[in-house]
Amino acid sequence: MFDTVVIATDGSGSAERAVEAALDLAARFDATVHGLYVVDTGEVETTPEEVREALERALATTGGRALSFILEAADAEADEELVTAVREGDPADEICTYAMEHDADVIVSGTRGRHGEHGYLLGSVAEELVREAPMPVLTVRQLEGEPNPEREGV
């Protein structure tokens, strides 16, 4: 049923469950796994010039760590074929384009579970994927009580 699974990761803690779910799904169907990280160029372009280079380096480091996490998790499974890639641009657009280029059967993405006005106004990559992707999108939320590094200290 699934030959190609694309894992869209942003390197966040909420993406870890999505990686686990995607690898489990891929193992069940002996599917090829594509780990994809997208550098959000919109975020870079709206950053003040004096910190832009530092932000680009930080995003590249985050992308490397995110893809390393997928590689390490997949190594534990050892059955899946794994491809990793980094793209630049609008995350949802690039994920959809990549998935179409590789004839993906499903995109798996974590979601941070933003609520209320903040989430509604900003939207999310996962929400945009669900609305725009031509193939199924599996969104994976963190379980209640799981640590969320994005919300520490808030």
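Keep in mind it's a predicted model, so treat the numbers as computed, not measured.

Reading the values: rules and limits
- Residues numbered from 1 in each chain as written.
- Predicted model: local features only at pLDDT ≥ 70, side-chain atom pairs only at ≥ 80, totals over all residues.
- Heavy atoms only, no water.
- Salt bridge = Lys/Arg side-chain N within 4 Å of Asp/Glu carboxyl O.
- Helix = DSSP H or I, 4+ residues; strand = E, 2+ residues; numbered from the N terminus.
- Pairing = 2+ DSSP bridges.
- Axes fitted to C-alpha atoms, helices over the stretch in contact; angles between N-to-C directions.
- Core = buried A, V, L, I, M, F, W, Y, C linked by side-chain atoms within 4.5 Å.
- Buried < 20%, exposed > 50% of the residue type's maximum accessible area, 1.4 Å probe, protein only.
- Contact = heavy atoms within 4.5 Å.

Draft legend 1. Here's a closer look at the pattern of salt bridges. On inspection of all chains with the given rule, the structure shows seven salt bridges. For the salt bridge of Asp24 with Arg28, the shortest nitrogen-to-oxygen distance reads 2.9 Å. Placement of the pair is Asp24 and Arg28 together in helix H1 (residues 14–29), with a separation of four residues, close to one helical turn. The partner of Arg131 in a salt bridge is Glu132, and the shortest N-O contact between them spans 3.8 Å.

Draft legend 2. Quick look at the sheet that holds strand S1 (residues 4–9). The strand order S3-S2-S1-S4-S5 describes an open sheet built from five strands, whose pairing is parallel. Since the sheet does not close on itself, it has two edges, and those belong to strand S3 (81–89) and strand S5 (137–141), each with one partner. Strand-to-strand twist in this sheet, taken as the mean axis angle between neighbours without regard to direction, amounts to 25 degrees. Pairing analysis gives nine bridges linking strand S2 (residues 32–40) to S3, with the strands arranged parallel. Residue pairing in the sheet places Gly35 in a bridge with Thr84 of S3.

Draft legend 3. Up close: the nonpolar core. Residues Val5, Ile7, Val19, Leu23, Tyr37, Leu59 and Val108 are the most contacted members of the largest nonpolar core, which totals 24 residues. Elements represented by at least two residues in this core include exactly S1, H1, S2, helix H3 (49–77) and strand S4 (106–111). Considering each element in turn, this core owes the most residues, seven residues, to H3. Other than its neighbours up to four places away in sequence, Leu59 contacts Tyr37, Val39 and Val44.

Draft legend 4. Quick peek at the pairing of S4. The element S4 is largely enclosed, with a buried count of six among its six residues. Judged by which residues are buried, S4 turns out to be covered on both faces: Val106, Val108 and Gly110 on one side and Ile107, Ser109 and Thr111 on the other are all buried. Pairing of S1 with S4, which is carried by four bridges, proceeds in the parallel orientation. When the sheet's bridge partners are listed, Val5 is paired in S4 with Val106. Direction of pairing for S4 relative to S5: parallel, over a ladder of five bridges. Bridge pairing in S5 links Ile107 to Val137.

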